[in-house]
Amino acid sequence: MALTVDQCDTLLKIIEENNAKNQTLESIANEVSKKFDSCDYFKVGTCLVMLLQQNMFQEPEQRLVAITILHELYRGESIANTPFASVFIHLLHPPETNNTSKLHYPGQLPKLNPQERQFVSQLILEVPKDVMLKKTAAQILSSDNGQTLTLDLSAMQLTLAEKQSELPHTCKSAIPVILSYPEKSQNNQVNDDLETTIKTLSCGDGAAMNKVYKPEFVTLAPPLLNCQDEPVWFNVSNPMQHTIAYDSSMCVPNMAGQEAKSLMSKAYKTALTLQQQNHLLGELENDSKLVYHIGLTPSRLPELVENNPLIAIEVLLKLMQSKQITEYFSVLVNMEMSLHSMEVVNRLTTTVDLPTEFVHLYISNCISTCETIKDRYMQNRLVRLVCVFLQSLIRNKIINVQELFIEVQAFCIEFSRIREAAALFRLLKQLESGEIVLFFPSTGNNKTKIEG
């Protein structure tokens, strides 16, 4: 990306010494906008930066004109968003160096005098340009410096630092290939044609101003693949030895799962027939993971218990390894007491080791239900069920009655008129007197232990 020879001639003519001294900065900037298309502004700016870095301007007025053009190329935009923002930062805040020599080094921008610093600061601060740009470069350089403007560029520097941090290290470690143009002095006369040198550096596809020198990073070539280790399926020279493997079960709906879900939806509302129960239990037995996908939630467990207690028992036994099993137990022991709920709890207690607090909570719930029910017939019926249930738990060593002795004994006395309650009371007295001795093993031999 470089200027053509004609474009370079045009640019050099605009910033030649006579124009720089006699024309106003505004007229020079307008001439650049007329002679160059906006798509060429970056190339113009790059050429001007190269001329500044290599100290190729013979007069200070030309240098000031070049800086003004560089700013006016992107007129109306914030200086921080232009591609040459870093140039203005380096002009106003040059890097500190102990070298007092006047020689320029590769990539080094010239140091500005007080008048130039004042003018560049006004450009960046967007001071009204009808005052600044109406002057010539010579008038600005000869003007009194006056009060120096204080300019805070920390925000712009931070933005540029963030952008540069995204560049690869190879870009940040490159240096220009152009060496500084030597200063002219009485002892060192340089007779090179300056215009020819500028065109050579800035024009054509091989323009030196677009080239940089950066270190070459050499990496080892990866090892070649050993053909002896080549997978056999790479070799397709004999296609007759290879056949397509196709999974015929893909995209085939899982009808077993659909049927199980349908039966479970029906099981919440009504009792299933024996054939339907056997079919559902068979599907659950064939697929151990199916129980997690049939739609049973803790909140729907009471409906299943009341309508299909046998299904509820089998499902709960298959959910024993679920993380939600504690929630299912909590719903079960707190649901309304019934024959079916006692049947489910009794079956579970004889199959797995339910947490003691769950069993005790269910017993307390049963006793409380019997005491609060108003219907005398239903009360007598439920008391009989509870007494038979408690006797089964005691004789099967599911519970240690001593932990509930006072509560169960009070229950038996309150309903002593009922034969089953009197029988349970006699059993309690026999246990208390030692006439009957029950041994409670620490763990069941034939049951699965569940942690609460």
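These figures come from a predicted structure and were not determined experimentally.

**Describing the overall build of the chain**
Then step 1. When its secondary structure is counted, the chain shows 22 helices and four strands.
Then step 2. Taken across its 452 residues, the chain has 38% of its residues classed as buried.
Then step 3. Considering only contacts within the chain whose residues lie at least 6 apart along the sequence, 75% involve residues at least 24 apart.
Then step 4. If you sum the accessible surface of the chain, you get close to 27100 Å²; carbon and sulfur atoms cover 52% of it.

**Re the state of the cysteines**
Then step 1. The tally for this structure, following the rule as stated, stands at zero disulfides.
Then step 2. For Cys366, which is in no disulfide, the shortest distance to another cysteine sulfur is to Cys370 and amounts to 6.9 Å.

**Observations regarding the packing of aromatic side chains**
Given two aromatic rings, their pairing is described by the distance between the two centres and the angle made by the two planes.
Then step 1. All chains considered together, the criterion is met by five aromatic pairs.
Then step 2. For the pair Tyr362 and Phe389, a centre-to-centre distance of 5.8 Å together with 85° between the ring planes defines the contact as edge-to-face. Separated by 27 residues along the polypeptide, Tyr362 in helix H19 (residues 356-372) and Phe389 in helix H20 (residues 376-395) bring together distant segments of the chain. Accessibility classification places Tyr362 together with Phe389 in one group, the buried group.
Then step 3. Here a set of aromatic residues connected by ring pairs shows up, and it is made of Phe42, Tyr74 and Phe84.

**Observations concerning empty space enclosed by the protein**
Then step 1. Counted by the stated rule, this structure contains one cavity of 30 Å³ or more.
Then step 2. Looking at the largest cavity, its volume works out to about 70 Å³.
Then step 3. Forming the boundary of the largest cavity are twelve residues, of which His71, Tyr74, Glu77, Ile79 and Thr82 lie nearest the centre.
Then step 4. When the residues that make up the lining of the largest cavity are grouped by side-chain class, the tally is five nonpolar, four polar and three charged.

**Points about the environment of Thr351**
Then step 1. The residue Thr351 is located in helix H18 (residues 339-351) in this model.
Then step 2. Sequence separation of Thr351 and Leu317 is 34 residues, and the distance between their C-alpha atoms is 8.5 Å.
Then step 3. One polar contact links the side chain of Thr351 to the main-chain carbonyl oxygen of Arg347, over a distance of 2.8 Å.

**Considering the packing of helix H14 (residues 274-286) against helix H16 (residues 309-318)**
Then step 1. One can describe the packing of H14 onto H16 by two numbers: an axis separation of 11 Å at closest approach and a directional angle of 5°. The angle between the axes of H14 and H16 places the two elements in the roughly parallel class. Within the contact between the two elements, H14 uses Gln277, Leu280, Leu281, Leu284 and Glu285 and H16 uses Leu310, Ile311, Glu314, Val315 and Lys318.
Then step 2. Of the residues contributing to the contact of H14 with H16, the split by class is six nonpolar, one polar and three charged.

Procedures and definitions
- Residues numbered from 1 in each chain as written.
- Predicted model: local features only at pLDDT ≥ 70, side-chain atom pairs only at ≥ 80, totals over all residues.
- Heavy atoms only, no water.
- Helix = DSSP H or I, 4+ residues; strand = E, 2+ residues; numbered from the N terminus.
- Buried < 20%, exposed > 50% of the residue type's maximum accessible area, 1.4 Å probe, protein only.
- Contact = heavy atoms within 4.5 Å.
- Areas by Shrake-Rupley, 256 points an atom, 1.4 Å probe, with all protein chains shown as cover.
- Disulfide = S-S within 2.5 Å.
- Phe/Tyr/Trp six-rings, centres within 6.5 Å; stacked < 30°, edge-to-face > 60°.
- 1 Å grid on protein atoms, 1.4 Å probe; cavity = no way out; pocket = protein on both sides within 12 Å on 5 of 7 lines; lining within 4 Å.
- Points joined across faces, edges and corners; volume = space filled by probe spheres on them.
- Nonpolar A, V, L, I, M, F, W, Y, C, P; charged D, E, K, R; others polar.
- Polar contact = N/O pair within 3.5 Å; in protein donor to acceptor, adjacent residues only side chain to side chain.
- Axes fitted to C-alpha atoms, helices over the stretch in contact; angles between N-to-C directions.
- Parallel < 35°, antiparallel > 145°, perpendicular 65-115°, else oblique.

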